[in-house]
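Residues per chain are reported as follows:
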Amino acid sequence: MNLVLPAPPIPTVAVEGTDARFPVRRIFCVGRNYAAHAREMGRDPDREPPFFFSKPADAVVDSGETIPYPPQTENLHYEGELVLAIGKGGRDIGETEALNHIWGYAIGNDLTRRDLQLAARELGRPWDFGKAFDHSAIIGPVHPVEKIGHPAKGAIRLSVNGTIKQDADIADLIWSIPEVVSFLSRSIALAPGDLIMTGTPAGVGPLVPGDVCVVSIDGLGDIATSIGARS
Ligand code: MN
């Protein structure tokens with residue numbers, strides 16, 4: 001194929017235990033999937049249908065990197081999350097089949113320009129500027145299912161400069177992993193390389209230049225991100 005511009009690089013994330021990389025196709029994110037976080041965002045945690053937003057695939061950043069403090073915000077927030085890596089695509093995936101579509105699991109940090117997100121929310125506008133900016137998807141190494149199986153419970157914790165800010169359990173997801181995969185696949189055909197960030201527990205808060213943010217999930221190790229100077 002003749003391209004009129006150089007093909008863009010394929011975004012990738014690390015895979016635990018190998019130099020091989022996981023190619024990222026799309027990043028879907030679940031909004032408000034822990035009851036206590038829904039309450040702290042001023043919303044009813046009743047089991048209304050899950051909703052999703054997206055980040056561009058090239059927003060991914062490996063663990064261990066320093067990211068610039070993003071522009072046009074005074075309130076950058078962390079959100080520690082469990083991430084699903086889809087290995088087998090499909091649509092209308094049943095809950096009993098959903099786990100067969102997952103290649104692995106990772107730890108993520110859904111960085112959010114909270115001031116821009118809330119302003120958009122109040123005006124009924126899209127969340128993109130609050131959620132889908134450069135360097136906004138920290139994704140740690142993907143742990144293959146063939147090595148770790150399918151985690152359904154375990155502590156998820158986030159600290160800033162060593163102080164614990166989020167401390168919950170992935171068993172407390174309002175919408176379980178099979179339910180998230182099944183629900184999303186009924187609206188959009190999932191494809192190999194898709195990542196799904198499953199939502200953050202309570203305790204979200206700000207990051208400022210110089211901070212070090214660490215997220216851990218039992219069985220998946222931890223990821224670290226340093227916040228650099230304003231870009
Ligand atoms: Mn999130």
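I will try to describe carefully the structure that is included in this document.

Here is what the cut-offs are and how they apply
- The residue numbers shown here count from 1 along each chain, following its written sequence.
- Per-residue local features are limited, in this predicted model, to residues with pLDDT of at least 70; the limit for side-chain atom pairs, both in listing and counting, is 80 or more; totals at the level of whole chains, interfaces and linings are taken over all residues.
- Excluding hydrogens and water, the side-chain figures rest on all heavy atoms present in the structure.
- Only protein chains enter the accessibility calculation, which uses a 1.4 Å probe; a residue is then buried when its area is under 20% of its type maximum, exposed when over 50%, and partly exposed in between.
- Each helix is a run of DSSP H or I of at least 4 residues and each strand a run of E of at least 2, with the numbering of both proceeding from the N terminus.
- Residues count as neighbours in contact if any of their non-hydrogen atoms are within 4.5 Å of one another.
- Donor atoms (N, O, S) are those found within 2.8 Å of the metal centre, with the cutoff raised to 3.2 Å for Na, K and Ca; water is not part of the atom list, so apparent gaps in a site can occur.
- Strand pairing follows a simple DSSP-based rule, namely that at least 2 bridges must link the two strands.
- Axis definition: a line fit to C-alpha positions, over the contact stretch in the case of helices; interaxial angles, taken between N-to-C directions, run 0 to 180 degrees.
- In plain words, nonpolar cores are sets of buried Ala, Val, Leu, Ile, Met, Phe, Trp, Tyr and Cys residues tied together by side-chain atoms within 4.5 Å.
- Detection works on a 1 Å grid of protein atoms alone, calling trapped sets that fit a 1.4 Å probe cavities and calling open sets with protein on both sides within 12 Å along at least five of seven lines pockets, with lining residues defined by an atom within 4 Å of a point.
- Grid points are joined across faces, edges and corners, and a volume is the space filled by probe spheres set on the points.
- Three classes are used, and their members are as follows: Ala, Val, Leu, Ile, Met, Phe, Trp, Tyr, Cys and Pro are nonpolar, Asp, Glu, Lys and Arg are charged, and the others, Gly among them, are polar.
- We call two N or O atoms a polar contact when they sit within 3.5 Å, provided that within protein one can donate a hydrogen and the other can accept it, with sequence-adjacent residues counted only if both atoms are side-chain atoms.

**Considering helix α5 (residues 177-185)**
Thought 1: By the criterion of burial, α5 is predominantly enclosed, with 8 of the 9 residues buried.
Thought 2: Looking only at α5, the buried set comprises I177, P178, E179, V180, V181, S182, L184 and S185.
Thought 3: Close packing links the buried residues of α5 with β3 (27-31), β4 (51-55), β8 (80-86), β9 (102-110) and β15 (195-197).

**Here we look at the coordination of the manganese ion**
Thought 1: For the manganese ion, every protein donor is listed as E79 (OE), E81 (OE) and D110 (OD), and the spread of their distances is 2.0 to 2.1 Å.
Thought 2: In the primary sequence, the donor residues of the manganese ion line up as E-x1-E-x28-D. Of the two residues, E79 and E81, neither departs from the other in class, the shared state being buried.

**Comments concerning the sheet that holds strand β17 (residues 212-217)**
Strands in a sheet are paired, the pairing made by backbone hydrogen bonds, and the direction either parallel or antiparallel.
Thought 1: If you trace the 5 strands from one edge of the open sheet to the other, you get β6-β18-β17-β13-β14, paired in mixed fashion. Since the sheet does not close on itself, it has two edges, and those belong to β6 (66-69) and β14 (163-169), each with one partner. Averaged over all adjacent pairs, the angle separating strand axes in this sheet is 20°, with direction ignored.

**Digging into unusual backbone geometry**
Thought 1: Of note in this structure, D92 is not a glycine but carries a positive phi near 55°.
Thought 2: Its identity as a non-glycine residue notwithstanding, H135 has a phi of 65°, on the positive side.
Thought 3: For H135, the position within the fold is in the loop between α3 (128-131) and β11 (137-139).

**Some points on the environment of V15**
Thought 1: Here V15 shows up in the loop between β1 (12-14) and β2 (21-23).
Thought 2: Expressed as a C-alpha distance, the spacing of V15 and V142, which sit 127 residues apart in the sequence, is 4.6 Å.

**A short note on the nonpolar core**
Thought 1: Counting 41 residues, the largest nonpolar core has L82, L84, I102, Y105, V181, I196 and L207 as the members making the most contacts within it.
Thought 2: No other element matches the 4 residues that α5 contributes to this core.
Thought 3: Those residues within four positions of L82 in sequence are excluded, and the remaining contacts are Y105, A106, I156, I170, I177, I196, M197, T198, I217 and L220.
Thought 4: Residues I27, A57, A85 and I139 belong to the second largest nonpolar core, which totals 19 residues.

**Topic: empty space enclosed by the protein**
Thought 1: Applying the stated criterion across every chain yields a total of 2 cavities of 30 Å³ or more.
Thought 2: Reported here for the largest cavity is a volume of approximately 110 Å³.
Thought 3: Forming the boundary of the largest cavity are 16 residues, of which G31, R32, H37, E79 and K131 lie nearest the centre.
Thought 4: Only β3, β4 and α2 (114-123) provide two or more residues apiece to the lining of the largest cavity.
Thought 5: Residues that form the lining of the largest cavity fall into these classes: 5 nonpolar, 5 polar and 6 charged.
Thought 6: The space that makes up the second largest cavity amounts to roughly 90 Å³.
Thought 7: In this structure, the second largest cavity is lined by G31, R32, A38, D44, P45, D46, E48, P49, P50, F51, I174 and W175.
Thought 8: Looking at the lining of the second largest cavity, its residues break down into 7 nonpolar, 1 polar and 4 charged.

**Quick word on the side chain of H77**
Thought 1: Mapped onto the elements of the fold, H77 is located in strand β7 (residues 76-78).
Thought 2: Side chain to side chain, H77 and N75 meet in a polar contact 3.1 Å long.
Thought 3: Apart from residues lying up to four places away in sequence, H77 is in contact with D110, L111, T112, R114, V204, G205, P206 and L207.

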